[in-house]
Amino acid sequence: MAQNDYKDELMKYKIILLSITILAMVANIYFVKSSFDEAEQEREEIFIADSQNTLLLALSNDINTNRGNEAKAVVGKMHTHLFYMTPTSSAIEGGIKKACDLSDASVKQYCDKVRESGWYNKMMAEGISMEFMQDSIVLYECDVPGYDYMLKTYGKTCTITSTIIEFKRIETTCYVQEQGRTIENPNGYKCCNFAVNKLERLRIFERQNEENKMEE
């Protein structure tokens, strides 16, 4: 009888031990799966920087569906750097560098032509400043290999001298190409094949005239 009791107790211990082993295996499988799921989720998460260089979390699906807006953002930023300048060497060269950092060689070539014309030196010598006002950026699907979109930018430039304020209408085109995201370029695009298609005078205000006479 005692031997039977011993066998029963031994069987209970075996059952308990087997149960603990099974529970441990299930727990291990759960933790391993959770680790893989978490790693997969991290791969689907991308940190981007806003204009204040604050890191923001975005899901890759959201970014993929928002690439058009990101293309517009980088093109708009490039235009602001290129056409918004104060009459100091550091401001002019800084704006050119920032615009070139967001683009291929086409923007530098444009700036070199403007420099050769003497415009940047004239700005510094006469205290001329420039401002840029964006009206709209139109996005087009692009069939050209290597580029995601073609964009047309419509806006105005404002040139401010000691005597006049001159407004011009400006229209440009460029393509955008994928590149790695950085703090300086959180949108992950660069502007390519930049061209100014139209630059025409809208109006001029004479600053010395209190009534601001307008010339067409």
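Residues numbered from 1 in each chain as written. Predicted model: local features only at pLDDT ≥ 70, side-chain atom pairs only at ≥ 80, totals over all residues. Heavy atoms only, no water.

Draft legend 1. The arrangement of the confidence of the model for the chain in detail. With 73% of its residues at a pLDDT of at least 70, the chain reaches an overall mean of 82. The low-confidence segment residues 49–55 (pLDDT under 50) makes 8 contacts with residues lying over four places distant or belonging to another chain. Within the model, the stretch residues 210–216 combines pLDDT values under 50 with 12 contacts to residues more than four positions away or in other chains. (pLDDT = per-residue confidence, 0-100. Contact = heavy atoms within 4.5 Å.)

Draft legend 2. Looking closely at unusual backbone geometry. Phi is positive for Asn193, close to 55°, though the residue is something other than glycine. Mapping Asn193 onto the fold places it in strand 6 (residues 189–206). On the basis of relative accessible area, Asn193 is assigned to the partly exposed category, the value being 37%. (Helix = DSSP H or I, 4+ residues; strand = E, 2+ residues; numbered from the N terminus. Buried < 20%, exposed > 50% of the residue type's maximum accessible area, 1.4 Å probe, protein only.)

Draft legend 3. How the structure looks around the pattern of salt bridges. Tallying each qualifying case throughout the model produces 10 salt bridges. For Arg201, the salt bridge is made with Glu166, and the minimal N-O distance between the two is 2.9 Å. Here Arg201 is found in strand 6, whereas its partner Glu166 is found in strand 5 (residues 164–178), with 35 residues between them in sequence. On the accessibility criterion, Glu166 (11% relative accessible area) is buried. (Salt bridge = Lys/Arg side-chain N within 4 Å of Asp/Glu carboxyl O.)

Draft legend 4. Here's a closer look at the packing of aromatic side chains. Using the criterion set out here, one finds 6 aromatic pairs in the structure. On the basis of an interplanar angle of 70° and a centroid distance of 6.1 Å, the ring pair of Phe83 and Tyr110 is categorised as edge-to-face. With Phe83 in helix 3 (residues 67–83) and Tyr110 in helix 5 (residues 105–116), this pair connects stretches of sequence that are 27 residues apart. Classification of Phe83 by relative accessible area gives buried; the value is 4%. (Phe/Tyr/Trp six-rings, centres within 6.5 Å; stacked < 30°, edge-to-face > 60°.)

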